[in-house]
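# Secondary and tertiary structure notes
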Amino acid sequence: MKILVLNYEYPPLGGGAAPVSRDISAQLVRRGHDVTVVTMGYKSLPAYEEAEKVKIYRLKCWRRRKNSCMPWEQYTYLLAVRCFMKQHMKTHTYDVCHTHFVIPTGEAALWVNRKYGLPYVITAHGSDVEGHNHKIYMKIMHRLLRSSWRKIVNCSEGVIAPSVYLQNLMKSRYDQGKYSFIPNGLDIVKYVQLAVQGKEKSILVMGRLQRHKNVQTILRALAQTDLTDWTVDILGDGPYSKELERLVLEFKLTSFVKFHGWIDNGSREQMYYLRKSSIYITASYFENCPMSVIETIAAGCYPLLSDIPAHRQLVSEDEYYFEANDIQGLSFKLQALINKIDKIPRNRIDISRYDWKNIINQYEDILYKASEKKT
């Protein structure tokens, strides 16, 4: 197939959905398909390049941050896509469009469908589904775009949810859509190589620094834990970073906790921290399909996870969980883990089902069926 991929975020831009869209595209190329990505430009990133044999066009848009994109910035991408496709489609043809996010990107896919008859399949990622993100501006945006969201879903050949939780949430909001569940995948072998013996006394926290990621609870728990000889590495950036830095000072954690800023997913730098870390903590209030959990488990980290549906889908055993706001509970589990970390074997959790080779064929089947609807 010749596949057009639309996503306003594509590495090195964006958070969790960006590397997922990159990996799906790369896996499809390995299956022999021709994949072209149309995404946002940013500063000095090249307007066109090929990576892992995926063709990538980056359009000139308004975007201030590498790791996050506001709705009004996303709108500039929608405008840029229309201008680009009007010229691009004079010399290129595609069988199907794979779109990431119902909104905003689904609006571009709908426009391409109406103008060029190209069928599209959407992968939802969480923030594009009403009820997932509880920020006030997100609630307002989803209410205003509710009819557009339904139109985009109706005209698609299907919407893929990376979690059962998100699939059920979409059904509860609009039960007329064609929804399916395909979990996100991972190149397991790449990460298992990092699960070495003799890991350091290092705790890893990784993700966008936003209030709902709840790193503040992790810091409060760390303040009640004996961290002698241990270090804590926080990878990520975001609007809540200043408040978290303030808490580190307030709790006198500066000799233990280090902020490293934004580090690209899959980069050598990220691999370094995955290799050295013994424990991974996430206290998020809500997630969709957080691949950082699978990445760190594959790399031999012991996970401590907030008890939310998205985490339960990935790991079922109770021993790894704490209530999201239970500071003392997290501190107790962390202290017990620190005291016995050398006696715990690596790779105790089976994550083989998340290997891309076991998942990509499901994407392939859906895209094939959608391509048959091309007019």
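Quick caveat: nothing in here was measured; it's all calculated off a predicted structure.

### Some points on the environment of Tyr179
As for its placement among the helices and strands, Tyr179 is situated in strand β8 (residues 179-181). According to the relative accessible area criterion, Tyr179 is buried, its value standing at 12%. Separated by 26 residues in sequence, Tyr179 and Val153 place their C-alpha atoms 9.2 Å apart. Beyond its immediate stretch of four places on either side in the chain, Tyr179 contacts Trp149, Val153, Val159, Gln167, Met170, Lys171 and Tyr174.

### Points about the pairing of strand β9 (residues 202-206)
In terms of burial, β9 is a largely internal element, five of the five residues being buried. Taking every second residue as pointing to the same face, both faces of β9 are buried, with Ser202, Leu204 and Met206 on one and Ile203 and Val205 on the other. Sheet topology note: the β9/strand β10 (residues 231-235) ladder contains five bridges and is parallel. Directly across from Met206, in β10, lies its bridge partner Leu235. At this point the chain moves from β9, through helix α8 (residues 215-222), to the parallel β10, and the crossover so formed is right-handed. Pairing of β9 with strand β12 (residues 279-282) involves two bridges; the strand directions are parallel. Counted as the bridge partner of Ile203 is Ile279 from β12.

### Some thoughts on the sheet that holds strand β5 (residues 96-100)
Across the sheet, eight strands lie side by side as β3-β4-β2-β1-β5-β6-β7-β8; this open sheet has mixed pairing. The strands lining the two open edges of the sheet, one partner per strand, are β3 (48-51) and β8. If you compare each strand with its neighbour and ignore which way they point, the axes differ by 25° on average. Strand contacts of helix α5 (residues 146-155): β6 (120-123), β7 (159-161) and β8, with the helix running at about 125° to β6, the strand carrying the most contacts. Helix-sheet contacts for helix α14 (residues 360-371) involve β1 (2-6), β5, β6, β7 and β8, and the interaxial angle to β5 is about 130°.

### A closer look at the sheet that holds β12
Taking strand neighbours across the sheet as the criterion, the six strands line up as β11-β10-β9-β12-β13-β14 in an open arrangement whose pairing is parallel. The sheet terminates laterally at β11 (257-259) and β14 (321-322), the two strands that pair on one side only.

### Looking at the pairing of β1
Most of β1 is tucked away: four of the five residues are buried. In the sheet, β1 pairs with strand β2 (residues 34-40) via five bridges, with the strands oriented parallel. Bridge pairing in β2 links Leu4 to Thr36.

### A short note on empty space enclosed by the protein
Taken as a whole and judged by the stated rule, the model has two cavities of 30 Å³ or more. Size it by volume and the second largest cavity reaches roughly 30 Å³. Around the second largest cavity, the lining residues are Arg64, Arg65, Ser68, Cys69, Met70 and Glu73. For the lining of the second largest cavity, a count of residues per class yields two nonpolar, one polar and three charged.

### Things to note about the layout of surface pockets
In this structure, the second largest pocket occupies an estimated 260 Å³ of space. Surrounding the second largest pocket, 15 residues form its lining, Arg22, Asp23, Glu52, Lys190 and Gly266 being those nearest its centre. Sorting the residues of the lining of the second largest pocket by element identifies α1 (17-30) and α7 (188-192) as the ones contributing at least two each. The biggest single contributor to the lining of the second largest pocket is α1, with five residues. In the lining of the second largest pocket, the residues fall into four nonpolar, four polar and seven charged.

### Considering the side chain of Gln27
By the element assignment, Gln27 lies in helix α1. Setting aside residues up to four positions removed in sequence, Gln27 forms contacts with Trp356 and Ile360.

### Some points on the pattern of salt bridges
If you walk through the whole model with that rule in mind, you get 18 salt bridges. Put simply, Lys66 and Asp264 hold a salt bridge, and the shortest N to O gap is 3.3 Å. Of the two residues, Lys66 sits in the loop between β4 (54-59) and α2 (71-88) while Asp264 sits in the loop between β11 and α10 (268-276), which places them 198 residues apart along the sequence. On the basis of relative accessibility, which here comes to 27%, the residue Lys66 falls in the partly exposed class. Across the pair Glu130 and Arg146 runs a salt bridge, and its minimum N-O distance is 2.6 Å. In this pair, Glu130 is assigned in the loop between β6 and α4 (136-144) and Arg146 in helix α5, connecting sequence segments 16 residues apart.

### Regarding unusual backbone geometry
Residues Pro11 and Pro12 are joined by a peptide bond in cis, for which omega reads 10°. Counting through the fold element by element, Pro12 comes out in the loop between β1 and α1. Residue Pro104 follows Ile103 across a cis peptide bond; omega there is 10°. One non-glycine residue, Asn214, adopts positive backbone phi at about 65°. Following the sequence through the fold, Asn214 ends up in the loop between β9 and α8. The exposure class assigned to Asn214 is buried, which follows from its relative accessible area of 0%. Even without glycine at this site, Lys252 takes up a positive phi of about 55°. Here Lys252 is to be found in the loop between α9 (241-250) and β11.

Criteria and thresholds
- Residues numbered from 1 in each chain as written.
- Predicted model: local features only at pLDDT ≥ 70, side-chain atom pairs only at ≥ 80, totals over all residues.
- Heavy atoms only, no water.
- Helix = DSSP H or I, 4+ residues; strand = E, 2+ residues; numbered from the N terminus.
- Buried < 20%, exposed > 50% of the residue type's maximum accessible area, 1.4 Å probe, protein only.
- Contact = heavy atoms within 4.5 Å.
- Pairing = 2+ DSSP bridges.
- Right-handed = clockwise from strand over helix to strand, strands pointing away.
- Axes fitted to C-alpha atoms, helices over the stretch in contact; angles between N-to-C directions.
- 1 Å grid on protein atoms, 1.4 Å probe; cavity = no way out; pocket = protein on both sides within 12 Å on 5 of 7 lines; lining within 4 Å.
- Points joined across faces, edges and corners; volume = space filled by probe spheres on them.
- Nonpolar A, V, L, I, M, F, W, Y, C, P; charged D, E, K, R; others polar.
- Salt bridge = Lys/Arg side-chain N within 4 Å of Asp/Glu carboxyl O.

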